[in-house]
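Coordinate inspection notes
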Amino acid sequence: MEKVVIIRYAEIHLKGKNRGYFERVFTVNLERSLKGIRHELHRTSGRYLVANFDAERIDEILSRVARVFGVHSYSLGYLVPNNLDDIFSAVKIVAPKTGTFKVDTHRADKKYPLTSMEMNAEMGARILSDNNALKVDVHEPQSHVYIDVRENGTALVFGKFLEGAGGMPVGTSGKGLLLISGGIDSPVAGYMMSKRGMNVEYLHFHSYPYTNEQAKDKVVELARLLSRYALTEKLSTVSVTHIQEEIHAKCAAELNVTLLRRFMFRIAERVAKKKDAKCLITGESLGQVASQTIEGMTSSNAVVTLPVLRPLVGFDKNEIIERSKKIGTYDTSVLPFEDCCTVFLPDFPAIKPKLSFIEEEESKLDIEGLVNEALATLEELRV
């Protein structure tokens, strides 16, 4: 009998002839998530088993597995030969000591001599014989004993299905570049695109010395927290201080944010193409702030050719906050260090700016020179 972590994948089983590719990427991601912990990873007919692991680090193993996209559910259980006595030896460990229970058997090996119902009855009778403090309740049991009879002469015995992160394995949906600020929204947007299998790298704009090093450290920490899910270690930073100063000095004040965002998109597209990323990702939510109107978003899109993905576009703030708390980025996001969008913030920013007015004001600036100056400040960090 061997203690194992049982992993079941999510949407991969729908991939038909491409399933092998998705399984290989999923395997690589599981191995990466468990890096630094002694273990063996085995794949067997739709199941992955983490075996021969450091028992003292089991909580950490379970925590890491829970964050791997593509995991539908996971369990801590036992791998045994599929004869009745060996199965019952594991069942006795998994079964509760008091209360009500139900045995639930899945029989992947259809040639196994007992049907699922017969196995349920056999193991249920043995449990009751072993412990008369227990009672069977097949409708609303307090505890379950699950038995999974596999095709290779083994069985898996466990007591709980634990919910995984779901989604698709990171790396199966191309690469995108996330414009990450120090706020609540953009980390959630990055998380959601990683969940759909996208390999997400991060780009942060700063306005030092108007913003301080603590603001930058905050973003580095957010990227590190996201890397637990996204398996991405790369964060790029670019200074836009000179751009903001030029906009503030030469352009209509109500367009400060709109014009800055157009510069950000231009710079982000250049960085993305350098990294072979196929899209830009933002944390924008329709109508949340003045720059996130449909006119503002259209203005930003107009200066780039890459698609811009906005996974939070239909979310309200409470929904975003809830997800931020769930993935563990909220406490860092609300630290009181301001990002570059708060610098030279006008009292009355344009809500529905006309593109003709935007372009007229932008013509006062050396766009190409300012973009190149910003790109010269590009810094690559590993989080």
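Please refer to the structure placed before this passage.
Residues numbered from 1 in each chain as written. Predicted model: local features only at pLDDT ≥ 70, side-chain atom pairs only at ≥ 80, totals over all residues. Heavy atoms only, no water.

**Remarks on the overall build of the chain**
Each helix and strand counted, the chain has 13 helices and 15 strands in total. Here the C-alpha atoms of the chain give a radius of gyration of 27 Å, more than 25% beyond the 21 Å that 2.2 N^0.38 yields for 383 residues. Counting only C-alpha atoms and orienting by the principal axes, one finds that the chain spans roughly 85 × 35 × 35 Å. Across the 383 residues of the chain, 53% fall into the buried class. Only carbon and sulfur atoms are counted for the fraction: they give 51% of the accessible area of the chain, which is about 18000 Å². Of the charged side chains in the chain, 50 are positive and 50 negative; the average position of the first set lies 5 Å away from that of the second. (Helix = DSSP H or I, 4+ residues; strand = E, 2+ residues; numbered from the N terminus. Rg over C-alpha atoms; globule rule 2.2 N^0.38 Å. Buried < 20%, exposed > 50% of the residue type's maximum accessible area, 1.4 Å probe, protein only. Areas by Shrake-Rupley, 256 points an atom, 1.4 Å probe, with all protein chains shown as cover. Lys, Arg positive; Asp, Glu negative; His and termini not counted. Charge placed at Lys NZ, Arg CZ, Asp CG, Glu CD.)

**What about unusual backbone geometry?**
Cis rather than trans, the peptide bond between Tyr 208 and Pro 209 has omega equal to 10°. On the secondary structure map, Pro 209 appears in the loop between strand E11 (199–206) and helix H6 (213–230). One non-glycine residue, Asn 52, lies in the positive phi region at around 50°. Here Asn 52 shows up in the loop between strand E3 (47–51) and helix H2 (58–66). Residue Asp 276 is not a glycine yet carries a positive backbone phi of 60°.

**So, the packing of aromatic side chains**
Applying the stated criterion across every chain yields a total of 10 aromatic pairs. Aromatic pair Phe 69 and Tyr 191: ring centres 5.2 Å apart, planes at 65°, arrangement edge-to-face. A residue pair is termed long-range when its members are at least 10 positions apart, and Phe 69 in the loop between H2 and strand E4 (71–81) and Tyr 191 in helix H5 (residues 185–195) qualify at 122 residues. For the pair Phe 69 and Tyr 191, one class covers both residues: buried. Centre to centre, the rings of Tyr 146 and Phe 158 are 5.3 Å apart; their planes meet at 20°, and the pair counts as stacked. You can see Tyr 146 sitting in strand E7 (residues 143–149) and its partner Phe 158 sitting in strand E8 (residues 154–158), a full 12 residues away along the chain. Comparing Tyr 146 with Phe 158 shows no difference in burial state: the two are buried. Three or more aromatic residues joined by ring pairs make a cluster, and in this case those are Tyr 9, Phe 26 and Tyr 48. (Phe/Tyr/Trp six-rings, centres within 6.5 Å; stacked < 30°, edge-to-face > 60°.)

**Section: the side chain of Arg 8**
Relative to the assigned elements, Arg 8 resides in strand E1 (residues 2–9). One buried charged residue, Arg 8, remains without a salt bridge, the closest side chain of opposite sign being Asp 148 at 5.5 Å. Apart from residues no more than four positions distant in its own chain, Arg 8 is found in contact with Gly 46, Arg 47, Gly 70, Val 71, His 72, Ser 73, Tyr 74, Ser 75, Phe 158 and Phe 161. (Salt bridge = Lys/Arg side-chain N within 4 Å of Asp/Glu carboxyl O. Contact = heavy atoms within 4.5 Å.)

**Some words on a nonpolar patch on the surface**
Taken together, the side chains of Leu 128, Val 136 and Val 138 present a nonpolar region at the surface, about 230 Å² in accessible area. Tracing the chain through its elements places Leu 128 in helix H4 (residues 116–130). Under the relative-accessibility criterion, Leu 128 is labelled partly exposed at 34%. (Patch = residues over 30% accessible without salt bridge, like charges linked within 9 Å, V, L, I, M, F, W, Y side chains within 5 Å.)

**Quick look at the side chain of Ser 227**
Here Ser 227 shows up in helix H6. Overall, the relative accessible area of 15% leaves Ser 227 in the buried class. Not counting the four nearest positions on each side in its chain, Ser 227 is found in contact with Tyr 202 and Thr 232.

**So, the pattern of salt bridges**
Counted by the stated rule, this structure contains 25 salt bridges. In this structure, the salt-bridge partner of Lys 216 is Glu 379, at a minimum N-O distance of 3.1 Å. You can see Lys 216 sitting in helix H6 and its partner Glu 379 sitting in strand E15 (residues 379–382), a full 163 residues away along the chain. Classification of Lys 216 by relative accessible area gives buried; the value is 17%. Glu 379 sits in the partly exposed class, given a relative accessible area of 33%. Residues Lys 364 and Glu 361 are paired through a salt bridge, measuring 3.0 Å at the closest nitrogen-oxygen approach. With a relative accessible area of 6%, Glu 361 lands in the buried category.

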